[in-house]
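# Report on the structure
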Number of protein chains: 2
Amino acid sequence: MSINDDGESLKLKQLSYFLSLAEHGSISAAANALNMAQPSLSENIAKLERKLDVQLAIRGSRGVQLTQAGTLLADRGQEILKSVDDLVEALRLLGSDPRGPVSVGFPPSLSILLSVPLLESIHSEYSDIRLHVAEAMSGDILDWLANDRIDIGCVYEISDSSVYILEPLLTEELFLVTAPDNWDDEFGPDGIAKKPITASDLQHLPLVLTSQAHGARKLQERFARAEGFSFNVTATIDSLPHIVEMVSRASAYSLLSHGAVFKQVASGDIGLVRIAEPSIRRTAYLVRKRARPVSHASTIVEGMIGTIIREMVERYNIEAQLAPRKDG
Amino acid sequence: MSINDDGESLKLKQLSYFLSLAEHGSISAAANALNMAQPSLSENIAKLERKLDVQLAIRGSRGVQLTQAGTLLADRGQEILKSVDDLVEALRLLGSDPRGPVSVGFPPSLSILLSVPLLESIHSEYSDIRLHVAEAMSGDILDWLANDRIDIGCVYEISDSSVYILEPLLTEELFLVTAPDNWDDEFGPDGIAKKPITASDLQHLPLVLTSQAHGARKLQERFARAEGFSFNVTATIDSLPHIVEMVSRASAYSLLSHGAVFKQVASGDIGLVRIAEPSIRRTAYLVRKRARPVSHASTIVEGMIGTIIREMVERYNIEAQLAPRKDG
DNA sequence: GAGTCTGCATAGGCATAGCCTATGACAAGT
DNA sequence: ACTTGTCATAGGCTATGCCTATGCAGACTC
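Residues numbered from 1 in each chain as written. Chains lettered and ligands numbered in written order. Predicted model: local features only at pLDDT ≥ 70, side-chain atom pairs only at ≥ 80, totals over all residues. Heavy atoms only, no water.

A tally of helices and strands in chain A yields ten helices and 14 strands. Relative to a compact globule of 328 residues, whose C-alpha radius of gyration would be 20 Å, chain A shows 32 Å and is clearly more extended. C-alpha extents for chain A along the principal axes are approximately 105 × 40 × 25 Å. Expressed as a percentage of contacts within chain A between residues at least 6 apart in sequence, the contacts between residues at least 24 apart total 74%. Placing the 32 positive and 43 negative side-chain charges of chain A at their respective mean positions leaves the two points 5 Å apart. (Helix = DSSP H or I, 4+ residues; strand = E, 2+ residues; numbered from the N terminus. Rg over C-alpha atoms; globule rule 2.2 N^0.38 Å. Contact = heavy atoms within 4.5 Å. Lys, Arg positive; Asp, Glu negative; His and termini not counted. Charge placed at Lys NZ, Arg CZ, Asp CG, Glu CD.)

This is the structure we're talking about:
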């Protein structure tokens, strides 16, 4: 480090001091306008000159006269200070009221649960946020994240955590879903059959599932393989409502989370049968791309998603373990 | 003063800290790159966020992710820091080597004494200063100053000191100048006649003077009025060389300072006769316009003018009182 | 799932930057 | 010569800014 390494760098404070000096033409007057003592300003200007290694003002007994360097500093410094002010203003605005577009991608089973309440809550509480909700399979959602088509995604499978930032949302259990008439058991007020079944009981039931493209189906197949059998898949439909309709018409059974059919369970159109020893569980993660800047509005939406999930789980007694709440 | 008036303003230091954070993606890495402790940087970033009232980065366990506000700050901040650096660079350059144009205006009697040595000295010692010397009457020099045609002027009469900044240069005495043959007295080695004359002795001598437009002539007339007579002006010429030539041809006398004719005095072509009781004195001032910024080169030239005057006065034993030297 | 690693936050201590009051020097105007 | 306005210097006090040490939480490993 050099011996004469006086001050580290130019300070905006001193710059504004100097602008005041340039405006008032005398150190005393400027100090007065700045509500500070004259010697302090005097010292600051001197320090500035030492730092820049230039004489900025010629001291006289009737005030000071700016040098060429001084006028340059005053002119350019004013621009700089203005652009700093503008920047600060812009930042405060960004931070103050959340606004602007936010796009979220849900897989179908979460979309059923969240989309409408989320849209409604955001619209009523943050009318300046323009929220767009899209529904797709986990894989597509990750693609959308990668291509910056959405800000926030929900997925079930964890992927590369060096590109994405994950936050666990909730862990769901997959139930055998059936039309109540189509099952030889009583259903409690929570819509769940009294007697759970075991994995092996699944193996001969006619099931309607999604295609292999869906993460849910992959999970289900993994489960079956681990248990040493394969499902009796009578139909493959990549549409949750259609699956639900088939189930409620007693045309087949399926494997779904409580959240995916919570309305039908609540209305008694569909019953849940717990699969025990082992159960099929999956965890939903909230995902965002690491490289993508996070808008304030987007943060609000994330928080709202958590809130909505808690509300829905509580209101409908949905079987799921919530992830620990992030405070904010 | 408000309660939550936390920090006074944004600091460039903190801005550069944040840029490093944006670049490195983690507080630890950035602190390392900045050669500072991690907690210090952590604290600084937090302070910045408090000051701006915006979250700039979302802390994770694997570094930080910038928010929208953070990226904005990083982008615009970089521009600002660059423009500050450019400004500092420009200022250092302005201060380092004096260069560029400087215009000086002298009245004839000082121009005779100073112009050539000044031009030569500046050219040899500061080759990057482009010095222009102009010669005119005091009144015109003040006009030139007012119109920014010259940076520095020399005048004899003081004028409005709220517009101009004055610095006394030297006080000269006006002598009766004559061809040595045309005067009944011995002249010493300094070119001055042994016997002084009194003011009243002037009154019948045929004089060649400048017109009333010149400050010198006004001074002379004031002197005569104060002494209760008027000059016998046989010719009016607004050209110092022509006056000198007439005097040296013994066609007339004149009233000039030693400096105006120092060469002719040194060569013995002209002699000086001191006017005593009272003497005629005038002070030359160095003048610059208060509102006009002073270039470094201009400061150098001012200093050089003082140096040259001292040199000339000493070398030629010119009769004049020097103003106190300004150190520099 | 326990242990380790990595990264951020908090706490307390020390040096110094920054501002103040008091005072001195100097030029300009009375 | 005296007063007034200006800038500079000196000494003291407070708050800032950085440091080390330590705590805490998520993420990777076996």
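Residue and element names in this part refer to chain B. The interhelical angle for the contact between helix H1 (residues 12–24) and helix H4 (residues 68–96), taken along N-to-C directions, is 125 degrees, at an axis separation of 9 Å. As summarised for this structure, H1 and H4 are arranged oblique, according to the angle between their axes. Our pair here, H1 against H4, has a crossing hand that is left-handed. Two secondary-structure elements touch here, H1 through Leu12, Leu15, Ser16, Phe18, Leu19 and Ala22 and H4 through Gly70, Leu73, Ala74, Gly77, Gln78, Ile80, Leu81 and Val84. Partitioning the contact of H1 with H4 into residue classes produces ten nonpolar, four polar and no charged. (Axes fitted to C-alpha atoms, helices over the stretch in contact; angles between N-to-C directions. Parallel < 35°, antiparallel > 145°, perpendicular 65-115°, else oblique. Left-handed = near helix turned anticlockwise from the far one by under 90°. Nonpolar A, V, L, I, M, F, W, Y, C, P; charged D, E, K, R; others polar.)

As a measure of interface size, the accessible area lost when the parts come together is often cited. Between chain B and chain A, the residue contacts involve 38 residues of the former and 38 residues of the latter. For the pair chain B and chain A, the summed buried surface comes to about 3,500 Å²; carbon and sulfur atoms form 67% of the total. Broken down residue by residue, the surface that chain B buries against chain A is led by Gln65(B), Leu87(B) and Leu91(B), which jointly contribute 18%. Where the side of chain B that touches chain A is concerned, the elements lending two or more residues are helix H3 (38–52), strand S2 (63–66), H4 and strand S13 (280–289) of chain B. (Buried area = accessible area lost by both parts, 1.4 Å probe.)

Turning next to the protein's contact with DNA strand D. Taken together, 23 residues lie around DNA strand D, and Ile27(A), Ser28(A), Ser42(A), Arg59(A) and Ala37(B) are the ones closest in. Backbone atoms, meaning sugar plus phosphate, form 78% of the atoms of DNA strand D positioned within 4 Å of the protein. Between DNA strand D and Lys11(B), the relevant distance is 3.1 Å, taken from a phosphate oxygen to a side-chain nitrogen or oxygen of the residue. Elements with a contribution of two residues or more to the surface near DNA strand D: helix H2 (27–33), helix H3 (38–52), strand S1 (57–60) and strand S2 (63–66) of chain A together with H1 and H3 of chain B. It is H3(B) that provides the largest number of residues to the surface near DNA strand D, a total of four residues. Here the surface near DNA strand D is built from residues that sort into seven nonpolar, twelve polar and four charged. (Near = heavy atom within 4 Å. Polar contact = N/O pair within 3.5 Å; in protein donor to acceptor, adjacent residues only side chain to side chain.)

Another point: the protein's contact with DNA strand C. For DNA strand C, the set of nearby residues contains 23 residues, the closest of which are Ala37(A), Ile27(B), Ser28(B), Ser42(B) and Arg59(B). In DNA strand C, atoms within 4 Å of the protein come 76% from sugar and phosphate. In the model, a phosphate oxygen of DNA strand C is placed 3.5 Å from a nitrogen or oxygen of the Lys13(A) side chain. One of the side-chain nitrogen or oxygen atoms of Ser28(B) is found 2.5 Å away from a phosphate oxygen of DNA strand C. For the surface near DNA strand C, the secondary structure elements donating two or more residues are helix H1 (12–24) and H3 of chain A together with helix H2 (27–33), H3, strand S1 (57–60) and S2 of chain B. In terms of residues, the surface near DNA strand C owes the most to one element, H3(A), which gives four residues. Considering only residue class, the surface near DNA strand C consists of seven nonpolar, twelve polar and four charged.

Residue and element names in this part refer to chain B. By the definition in use, this model includes 34 salt bridges over all chains. As a salt-bridge pair, Glu43 and Arg50 come within 3.4 Å of each other at their nearest N and O atoms. Accessibility expressed as a relative area gives 41% for Glu43, which makes it partly exposed. Across the pair Glu172 and Arg282 runs a salt bridge whose closest N-O atoms are separated by 3.4 Å. (Salt bridge = Lys/Arg side-chain N within 4 Å of Asp/Glu carboxyl O. Buried < 20%, exposed > 50% of the residue type's maximum accessible area, 1.4 Å probe, protein only.)

Let us look at the domain arrangement of chain A. By the assigned domains, chain A splits into domain 1 (12–95), domain 2 (100–170 + 283–322) and domain 3 (172–281). Averaged C-alpha coordinates put domain 1 of chain A and domain 3 of chain A at centres separated by 74 Å. (Domains from an automatic or database assignment.)

Least-squares fitting of chain B to chain A yields an RMSD of 0.2 Å, with the superposition described by an axial translation of 0.0 Å and a rotation of 179 degrees. With respect to symmetry, the two chain copies, as superposed, fit the operation of a two-fold axis. By residue overlap, the copies meet face to face through one surface: 100% of the interface positions of chain B are interface positions in chain A. (Least-squares fit on C-alpha atoms with pLDDT ≥ 70 in both.)

We now examine the packing of aromatic side chains. All names here are of chain A. For the structure shown, the criterion picks out six aromatic pairs over all chains. Ring geometry for Phe262 versus Tyr316: centroids 4.7 Å apart, planes at 65 degrees, classification edge-to-face. A residue pair is termed long-range when its members are at least 10 positions apart, and Phe262 in helix H9 (residues 262–267) and Tyr316 in the loop between helix H10 (296–315) and strand S14 (320–322) qualify at 54 residues. Residue Phe262 is classed as buried on the basis of its relative accessible area, which comes to 4%. Classification of Tyr316 as partly exposed rests on a relative accessible area of 30%. (Phe/Tyr/Trp six-rings, centres within 6.5 Å; stacked < 30°, edge-to-face > 60°.)

Mapped onto the elements, Ser127(A) comes out in the loop between helix H5 (108–125) and strand S4 (129–135). In the structure, Ser127(A) is positioned 128 residues away from Leu255(A) in sequence and 38 Å away in space, judged by C-alpha atoms.

All right, on to unusual backbone geometry then. Residue and element names in this part refer to chain A. For Asn35, which is not a glycine, the phi torsion comes out positive at approximately 60 degrees. Assignment of secondary structure puts Asn35 in the loop between H2 and H3. The exposure class of Asn35 is exposed, given its relative accessible area of 72%. Of note in the backbone geometry, Asp53 takes a positive phi value of approximately 60 degrees without being a glycine. Among the residues examined, Asp53 registers a relative accessible area of 57% and is labelled exposed.

Here we take up the side chain of Arg288(B). Assignment of secondary structure puts Arg288(B) in strand S13. The residues contacting Arg288(B), other than those within four sequence positions of it, are Ile58(A), Gln65(A), Leu145(B), Asp151(B), Val163(B), Tyr164(B), Ile165(B), Glu167(B), Val294(B) and Glu302(B).

Here we come to the pairing of S2(B). Residue and element names in this part refer to chain B. Where S1 and S2 come together, four bridges link them in antiparallel fashion. Each bridged residue has a counterpart across the sheet, and for Ala57 the counterpart in S2 is Leu66. If you look at the hairpin formed by S1 and S2, you'll find two residues sitting between the two strands. (Pairing = 2+ DSSP bridges.)

Once that is clear, we can look at the packing of H1(A) against H3(A). All names here are of chain A. Remark: H1 packs on H3, axes separated minimally by 10 Å, with the N-to-C direction vectors making an angle of 110 degrees. It follows that H1 is roughly perpendicular to H3 by the angle criterion. Helix-helix and strand crossings are classified by hand; for H1 and H3 the assignment is left-handed. Between H1, through Gln14, Tyr17, Phe18 and Leu21, and H3, the contact on the second element is made entirely by Leu41, Asn44, Ile45, Lys47, Leu48 and Lys51. Counted by class, the contact of H1 with H3 contains six nonpolar, two polar and two charged residues.

Right, let's get into the environment of Arg130(B). All names here are of chain B. Structurally, the position occupied by Arg130 is in strand S4 (residues 129–135). Residues Arg130 and Leu119, eleven residues apart in the sequence, show an inter-C-alpha distance of 9.3 Å. Sequence-distant contacts of Arg130, that is, excluding residues within four places in its chain, are made with Gly100, Pro101 and Val102.

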